Amino acid sequence: MIRPFSLSDLNQILQIELRSFPKSPYDWITFMNLYSQYHDTFLVYTKKTEDGNEEICGYIIYSPDGHIISIAVHPNYRRRGIGTELIKKVISSPRIKKAWAEVRRSNSIAQAFYLKLGFKIKGIIPNYYGDEDAFLIECGSKI
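Just so it is clear, the model here is predicted, and its values are computed rather than measured.

Asks: Outline the packing of helix α1 (residues 10–20) against helix α2 (residues 28–37), supporting the account with residue identities and numerical values.
Replies: Axis separation between α1 and α2 bottoms out at 11 Å; the angle between their running directions is 115 degrees. Crossing of α1 against α2: the hand is right-handed. In contact with L10, I13, L14 and E17 of α1, α2 contributes W28, F31 and M32.

Okay, structure coming up:
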């Protein structure tokens with residue numbers, strides 16, 4: 001199930017972030033700032049556990065015009081369509097004409113994920129990550 005982020009989700013999001021981006025994870029303050037800026041477009045993907053609790057499997061943060069700021073899926077839940085469902089949620093928004101993101105040049109797994117969904121590499125942003133270039137990728141509003 002995809003639903004809006006709530007502050008009680010933050011600890012689980014921080015764990016996913018650390019596991020997903022060990023080189024440069026966002027911290028608590030960054031997520032709070034993103035939440036204040038993108039309250040309506042900070043979403044989490046959840047599932048019910050056997051004991052009836054809710055577990056966060058992934059999240060996405062995007063701007064109202066389609067810039068994917070961050071997306072991550074917990075390693076235990078990858079390759080199950082969760083990332084695809086989160087991206088489809090962005091693309092299906094009636095306000096969004098195109099979606100775009102930056103991806104580390106060295107992150108071939110993320111590149112393959114986006115390319116599989118129909119994104120195209122539109123350019124290179126030198127030193128976007130400080131020590132590494134990023135590919136600028138984008139996709140029209142249909143996947």
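Asks: Just give me the short version of the nonpolar core, but keep the residues and values in it.
Replies: Residues I60, I68, I87, Y114 and F119 are the most contacted members of the largest nonpolar core, which totals 25 residues. Contributions of two or more residues to this core are made by β2 (42–48), β3 (54–62), β4 (68–73), α3 (82–91), β5 (98–104), α4 (108–116) and β7 (134–140). Looking at which element gives the most residues to this core, the answer is α3, with 5 residues. Within the second largest apolar cluster, 15 residues are counted, among which are V44, I56, Y59 and I61.

Asks: So, unusual backbone geometry: which residues are in play, and what are the values?
Replies: The backbone phi angle of R79 is positive, close to 65 degrees, even though this residue is not glycine. One non-glycine residue, N127, lies in the positive phi region at around 55 degrees. By the secondary structure assignment, N127 is in the loop between β6 (120–125) and β7.

Asks: Got a sec to walk through the packing of aromatic side chains? Specific residues and values, please.
Replies: With the rule as written, the count across this model stands at 10 aromatic pairs. When the centroid spacing of 5.1 Å and the interplanar angle of 65 degrees are considered together, the rings of F5 and Y35 count as edge-to-face. Of the two residues, F5 is situated in the loop between β1 (2–4) and α1 and Y35 in helix α2; the sequence distance between them amounts to 30 residues. A relative accessible area of 16% places Y35 in the buried class. Aromatic pair F5 and F42: ring centres 4.0 Å apart, planes at 10 degrees, arrangement stacked. With F5 in the loop between β1 and α1 and F42 in strand β2, this pair connects stretches of sequence that are 37 residues apart.

Asks: Tell me about the sheet that holds β5, and please be specific about residues and values.
Replies: In space, the 3 strands of this open sheet follow the order β5-β7-β6, with antiparallel pairing throughout. Two strands in the sheet have a free side with no partner beyond their single neighbour: β5 and β6. For this sheet the average axis-to-axis angle between neighbouring strands, irrespective of direction, equals 25 degrees. Where β6 lies against β7, 5 bridges are found, and the strand directions are antiparallel. The residue of β7 that forms the bridge with G123 is L136. Relative to the sheet, α4 contacts β5, β6 and β7, its axis offset from that of β5 by approximately 160 degrees.

Thresholds applied
Residues numbered from 1 in each chain as written. Predicted model: local features only at pLDDT ≥ 70, side-chain atom pairs only at ≥ 80, totals over all residues. Heavy atoms only, no water. Axes fitted to C-alpha atoms, helices over the stretch in contact; angles between N-to-C directions. Helix = DSSP H or I, 4+ residues; strand = E, 2+ residues; numbered from the N terminus. Left-handed = near helix turned anticlockwise from the far one by under 90°. Contact = heavy atoms within 4.5 Å. Core = buried A, V, L, I, M, F, W, Y, C linked by side-chain atoms within 4.5 Å. Buried < 20%, exposed > 50% of the residue type's maximum accessible area, 1.4 Å probe, protein only. Phe/Tyr/Trp six-rings, centres within 6.5 Å; stacked < 30°, edge-to-face > 60°. Pairing = 2+ DSSP bridges.

These figures come from the coordinates and say nothing about function on their own.
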